[in-house]
2 protein chains.
Amino acid sequence: MPLNEFSLIERFFANHSQRNDLVLGIGDDAAIVEVPKDHQLVISSDTLVEGVHFLPNIPPRALGHKALAVNLSDLAAMGAEPRWATLSISLPSLDEQWLAEFSAGLFELAEFFNVALIGGDTTRGPLSITITIHGVIPKDKALLRSSAMPGDWLYVTGSIGGSNLALQSLLDEDFAHEYQQHFNKDQQQAHLDKHYFPQPRVLAGYGLRGVANAVIDISDGLYGDLRHILKASDCDAKLWLEKLPVVEGLEQFLGREQALKMALCGGEDYELCFTVPEANKGSLDIALSYSGVNHQCVGQLSRGDGQIELLEHGQAKAIELPISWDHFTTSA
Amino acid sequence: MPLNEFSLIERFFANHSQRNDLVLGIGDDAAIVEVPKDHQLVISSDTLVEGVHFLPNIPPRALGHKALAVNLSDLAAMGAEPRWATLSISLPSLDEQWLAEFSAGLFELAEFFNVALIGGDTTRGPLSITITIHGVIPKDKALLRSSAMPGDWLYVTGSIGGSNLALQSLLDEDFAHEYQQHFNKDQQQAHLDKHYFPQPRVLAGYGLRGVANAVIDISDGLYGDLRHILKASDCDAKLWLEKLPVVEGLEQFLGREQALKMALCGGEDYELCFTVPEANKGSLDIALSYSGVNHQCVGQLSRGDGQIELLEHGQAKAIELPISWDHFTTSA
């Protein structure tokens, strides 16, 4: 029997996950869910397009993971608890093996965070995936970009630069050759995992409720994403370059300046960048103790209009940096 | 200044609509909204891809309208009140004029139903639009596909066949030539409006709460969509062909059998198909009196497994019909 649209949806995407708050899942005109009392609904949507956001030869399992991960990362940056997702996928053709791997990657991550797939759409077309993620948060506890205050300390979770390092090695054969000389297999795998299977910092987001003033996730690179916080909060920041959690070995491989550029502007690390007032600095270690990720203080905010000052051991350091990733002017 | 992704989003899509229940709109990692007490959240998502769901030369204003309308139609079929939408749009290039018209078409409809655009994503890629629509409904009042009962009367709103008639005239020059001879300018415009600017039956959906047993919207054609109700509800249906609200003049133009095929399988009429128990039949006129659309009883349900029997004045009528529109086997 040839797979048609309906049996396709049923086979790979229906009835996978159940939640008590899911009143009606896939199969009707719409899904129905219940938002708990005294909670607000948090909604975000991200699209991944082949050739723009991912390379044509990406393993389908990685694509399934990443399409959900980038959305979960947005909820993490709000401190929200993810609950329900819709998936709209455009496929150039029906490939059962591809779909089996894609859905496996998607559902492994969905099940880890107990996210139910509640609807969506499967269409014929160039490969593209849009996920809309829905989470909940106790009323008025969401972590915004606009709530940073002058004097706040600036933090980053995990490490940065690894995802872009893997991407460059996939894009550029000469680069890949030197890269493979420099890093051992385990390191290479770690970079590739960071690129293909980013771990959204959902648990860190929970921990930061009531502790951080402002949070953003690092999708376009720390330098550009930090500017979103600063502009929304009328602040400037001093960034201490020697404190940046640059992925291990990157500086020895590329040299100091190129390594900093990659770490600051490479993007797709899906770590959290956040600001914490002096009064909450002491409780941060405990707040993040169950999040499974390190954090590092990398600077401080002052009143301003969105400027970032780069300092190395207290001295101004000039590095020419692109402001941010823009899908219409840069290609992946 | 060249438009980049951020200024593009700001210029055409941000800060258009406000609602009291919108806590945080476009501009942070996610949006935040409040679902009213004792209500459930209703979510649906639909994707339109160029060349699959719409012709490459569709007027951008029509595309903006239609992309939202098909989603509103899904909420109408649940009886839900639409409130918030996310828009993910892939564009091959940045064309300000195109975007101005697309967003005008989208927001005209959004404002009519007081739907706030709360987020989304703009990416470079082949033209494709995914909207996820969110509505609310009083707890346990949603109209499902699975609640039809044997004995229910079957209804259709408005008229059917007009959208597909317009589509055929756009696709086929010979067809168009005869079509223009047969229908006057006003009729042609009405068909084109039905195709490009479908009116989602949101108000009819409200009216059907507590009156209809089962509802679906007609996106793939009455014949295929009715089967979804029947299969979900373990029913068969008798369909009275002489009662079908086939668009005026279609039978004279195509002949009886071809006209019935177009009306039953053409799709994209975005009318509602619903079932009403005998006890509620009398209150239907009042329930739909403020919906701005007619309704017509076109058959009756019995216990079964999803079969549709076509009757003409009580006699069985054999017409060979495709079960349903399938984007992977049919092209628009």
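Here is what the cut-offs are and how they apply
The numbers attached to residues start from 1 for each chain and follow its sequence in the written order. Each chain takes a letter, starting from A, and each ligand takes a number, starting from 1, following the order in which they are written. In keeping with the predicted nature of the model, local features appear solely for residues at pLDDT of at least 70, side-chain atom pairs appear and are counted solely at 80 or more, and the whole-chain, interface and lining totals rest on all residues. Side-chain metrics in this entry use all non-hydrogen atoms of the structure; hydrogen atoms and water are not considered. UniProt positions are given in the numbering used here, feature names are shortened, and annotations may be inferred rather than shown by experiment. Residues count as neighbours in contact if any of their non-hydrogen atoms are within 4.5 Å of one another. Two parts placed together each lose some accessible area under a 1.4 Å probe, and the buried area is that loss summed for both. One speaks of a salt bridge when a side-chain nitrogen belonging to Lys or Arg is within 4 Å of a carboxyl oxygen belonging to Asp or Glu. For this analysis, a polar contact is any N or O atom pair within 3.5 Å, provided that within protein one partner can donate a hydrogen and the other can accept it, and provided that sequence-adjacent residues contribute only side-chain to side-chain pairs. For the purposes of this entry, the term helix denotes a DSSP run of H or I that reaches at least four residues, the term strand denotes a run of E that reaches at least two, and both are numbered from the N terminus. In this classification, Asp, Glu, Lys and Arg are treated as charged, Ala, Val, Leu, Ile, Met, Phe, Trp, Tyr, Cys and Pro as nonpolar, and every other residue, Gly included, as polar. Ring pairs are drawn from Phe, Tyr and Trp, using the six-membered ring of Trp, whenever the two centres fall within 6.5 Å, and their geometry is named by plane angle: stacked under 30 degrees, edge-to-face over 60, tilted for the rest. Relative accessibility decides the category of a residue: with a 1.4 Å probe and only protein chains considered, values under 20% of the type maximum give buried, values over 50% give exposed, and everything between is partly exposed. Over a ring means this: the NZ of a Lys or the CZ of an Arg is within 6 Å of the ring centre and within 35 degrees of the ring normal. Should DSSP find at least two bridges between two strands, the strands are taken to pair. Axis lines are fitted through C-alpha atoms, for helices just across the contact stretch, and the angle between N-to-C directions can take any value from 0 to 180 degrees. Where each domain begins and ends follows an automated or database-derived domain assignment. For cavity detection a 1 Å grid was placed over the protein atoms alone, and a set of points counts as a cavity when a 1.4 Å probe fits there but cannot get out; an open set counts as a pocket when protein lies on both sides within 12 Å along at least five of seven lines, with lining residues being those that have an atom within 4 Å of a point. Grid points are joined across faces, edges and corners, and a volume is the space filled by probe spheres set on the points. Superposition of the copies used a least-squares fit over C-alpha atoms from residues whose pLDDT is at least 70 in both. Each angle gets one of four labels, with under 35 degrees taken as roughly parallel, over 145 as roughly antiparallel, 65 to 115 as roughly perpendicular, and the rest as oblique.

- For chain A, an unreviewed UniProt entry supplies the name Thiamine-monophosphate kinase and the organism Alginatibacterium sediminis.
- On record in UniProt, under Sequence similarities (unreviewed entry), the comment for chain A is "Belongs to the thiamine-monophosphate kinase family."
- Its UniProt record gives chain A the following Pathway (unreviewed entry) comment, quoted word for word: "Cofactor biosynthesis; thiamine diphosphate biosynthesis; thiamine diphosphate from thiamine phosphate: step 1/1."

1. Looking at the interface of chain B and chain A
And then number 1: On the chain A side, the residues contacting the 65 residues of chain B number 64 residues.
And then number 2: Of the roughly 5,000 Å² buried between chain B and chain A, counting both surfaces, carbon and sulfur atoms make up 56%.
And then number 3: Linking chain B to chain A there are six salt bridges.
And then number 4: The partner of Arg145(A) in a salt bridge is Asp28(B), with the nearest N and O atoms 3.7 Å apart.
And then number 5: Summed over the shared surface of chain B and chain A, the result is 24 residue pairs in polar contact (both at pLDDT 80 or more).
And then number 6: With nine residues, strand 3 (residues 39–49) of chain B is the single largest residue contributor to the side of chain B that touches chain A.
And then number 7: Looking at the side of chain B that touches chain A residue by residue, the classes come out as 28 nonpolar, 24 polar and 13 charged.

2. Looking at the packing of aromatic side chains
And then number 1: In total, this model carries 20 aromatic pairs over all chains according to the counting rule given.
And then number 2: Summarising the aromatic geometry, the rings of Phe13(B) and Phe102(B) are spaced 6.4 Å apart at their centres and angled 80° between planes, so their arrangement reads as edge-to-face. Residue Phe13(B) is located in helix 1 (residues 5–13), and its partner Phe102(B) is located in helix 3 (residues 96–112); the two are separated by 89 residues in the primary sequence. A single burial state applies to Phe13(B) and to Phe102(B), both of which are buried.
And then number 3: Ring-pair connections join several aromatic residues into one group, and the members of that group are Phe13(A), Trp98(A), Phe102(A) and Phe107(A).
And then number 4: If you follow Lys281(A) out to its NZ or CZ, it ends over the ring of Trp153(A), 4.1 Å from the centre.

3. As for the sheet that holds strand 11 (residues 295–303) of chain B
Residue and element names in this part refer to chain B.
And then number 1: Taken in spatial order, the seven strands of this open sheet run 8-10-7-11-9-12-13, and their pairing is mixed. A single partner strand is all that each edge strand has here, and the edge strands are strand 8 (214–217) and strand 13 (315–316).
And then number 2: Judged from the four bridges that link them, strand 7 (residues 153–157) and strand 10 (residues 272–276) form a sheet pairing that is antiparallel. Across the sheet, Trp-153 pairs through a bridge with Val-276, a residue of strand 10.
And then number 3: Against the sheet, helix 8 (residues 222–233) engages strand 7, strand 8, strand 9 (235–240), strand 10, strand 11 and strand 12 (308–312), with an angle of about 150° to strand 9.

4. Regarding the domain arrangement of chain A
Note: interface size is frequently given as the accessible area lost on complex formation between the parts.
All names here are of chain A.
And then number 1: On domain assignment, one finds that chain A holds domain 1 (5–138) and domain 2 (153–316).
And then number 2: Just the C-alpha atoms count here: the centres of domain 1 and domain 2 sit 26 Å apart.
And then number 3: Each side of the interface is counted separately: domain 1 has 24 residues, and domain 2 has 20 residues.
And then number 4: Across the domain 1 to domain 2 interface the summed buried area is about 1,800 Å²; carbon plus sulfur atoms make up 67%.
And then number 5: The tally of links from domain 1 across to domain 2 stands at one salt bridge.

5. Things to note about the pattern of salt bridges
And then number 1: Here the structure, examined in full by the defined rule, presents 30 salt bridges over all chains.
And then number 2: The partner of Asp29(A) in a salt bridge is Arg145(B), and the shortest N-O contact between them spans 3.1 Å. Of the two residues, Asp29(A) is situated in the loop between strand 1 (22–24) and strand 2 (31–33) and Arg145(B) in the loop between strand 6 (128–138) and strand 7; the pairing between them involves two chains. Each member of the pair, Asp29(A) as well as Arg145(B), carries the same accessibility label: buried.

6. A look at empty space enclosed by the protein
And then number 1: For the structure on display, the rule yields four cavities of 30 Å³ or more.
And then number 2: Within this model, the largest cavity holds a volume of roughly 70 Å³.
And then number 3: For the largest cavity, the lining is made up of 13 residues, of which Ser128(A), Thr130(A), Thr47(B), Ser128(B) and Thr130(B) are closest to its centre.
And then number 4: At the level of secondary structure, the elements contributing two or more residues to the lining of the largest cavity comprise strand 4 (81–91) and strand 6 (128–138) of chain A together with strand 4 (81–91) and strand 6 of chain B.
And then number 5: Taken together, the residues that form the lining of the largest cavity break down as three nonpolar, ten polar and no charged.
And then number 6: Of the volumes computed, that of the second largest cavity is approximately 50 Å³.
And then number 7: As for the second largest cavity, its lining consists of Leu68(B), Ala85(B), Leu106(B), Phe107(B), Ala110(B), Val115(B), Ala116(B), Leu117(B) and Ile131(B).
And then number 8: Secondary structure elements with two or more residues in the lining of the second largest cavity: helix 3 and strand 5 (116–124) of chain B.
And then number 9: Among the elements that line the lining of the second largest cavity, the one with the most residues is helix 3 of chain B, at three residues.

7. Re the relation of the copies chain B and chain A
And then number 1: With an RMSD of 0.0 Å, the operation that places chain B on chain A is a rotation of 180° combined with a shift of 0.0 Å along the axis. Seen this way, the second copy is the image of the first under a two-fold rotation axis.

8. Overview of the UniProt feature "domain: PurM-like N-terminal" (unreviewed entry) in chain A
And then number 1: Per the UniProt record, the feature "domain: PurM-like N-terminal" (unreviewed entry) sits at residues 27–137 of chain A.
And then number 2: Annotation note: span residues 27–137 of chain A, helix share 31%, strand share 40%, distance between end C-alpha atoms 27 Å.

9. Thoughts on the side chain of Lys66(B)
Residues and elements named next belong to chain B.
And then number 1: Residue placement: Lys-66 occurs in helix 2 (residues 60–76).
And then number 2: In terms of polar contacts, Lys-66 uses its side chain to reach the side chain of Glu-268, at 3.0 Å.
And then number 3: Among all residues touching Lys-66, those that are not within four sequence positions of it are Leu-48, His-195, Tyr-196, Pro-198 and Glu-268.

10. Notes on the packing of helix 4 (residues 162–171) of chain A against helix 6 (residues 185–196) of chain A
All names here are of chain A.
And then number 1: In contact at an axis separation of 7 Å, helix 4 and helix 6 are set at 100° when each is read in the N-to-C sense. In this view, helix 4 runs roughly perpendicular relative to helix 6, as classed from their interaxial angle. From helix 4, Gly-162, Ser-163, Leu-165, Ala-166, Leu-167 and Leu-170 reach across to helix 6, where they touch His-191, Leu-192, Lys-194, His-195 and Tyr-196.
And then number 2: For the contact of helix 4 with helix 6, the per-class residue count stands at six nonpolar, four polar and one charged.

11. What to know about helix 10 (residues 256–265) of chain A
Residue and element names in this part refer to chain A.
And then number 1: Every buried residue of helix 10 is accounted for by Ala-259, Leu-260, Met-262, Ala-263, Leu-264 and Cys-265.
And then number 2: Packed against the buried residues of helix 10 are helix 4, helix 5 (173–182), helix 8 (222–233), strand 9 (235–240), helix 9 (250–254) and strand 12 (308–312).
And then number 3: Downstream of helix 10 by one or two residues, Gly-267 has phi in the positive range, about 80°.

12. As for the UniProt feature "binding site: Mg(2+) 1" (unreviewed entry) in chain A
And then number 1: Per the UniProt record, "binding site: Mg(2+) 1" (unreviewed entry) is annotated on Ser45(A), Asp46(A) and Asp121(A).
And then number 2: For Ser45(A), the position within the fold is in strand 3 (residues 39–49).
And then number 3: Ser45(A) gets classed as buried once you look at its relative accessible area, which sits at 3%.
And then number 4: Setting aside residues up to four positions removed in sequence, Ser45(A) forms contacts with Asn71(A), Thr130(A), Ile131(A), Thr132(A), Thr86(B), Ser88(B), Gly120(B) and Asp121(B).
And then number 5: Within polar-contact distance, the side chain of Ser45(A) engages the side chain of Thr132(A) at 3.1 Å.

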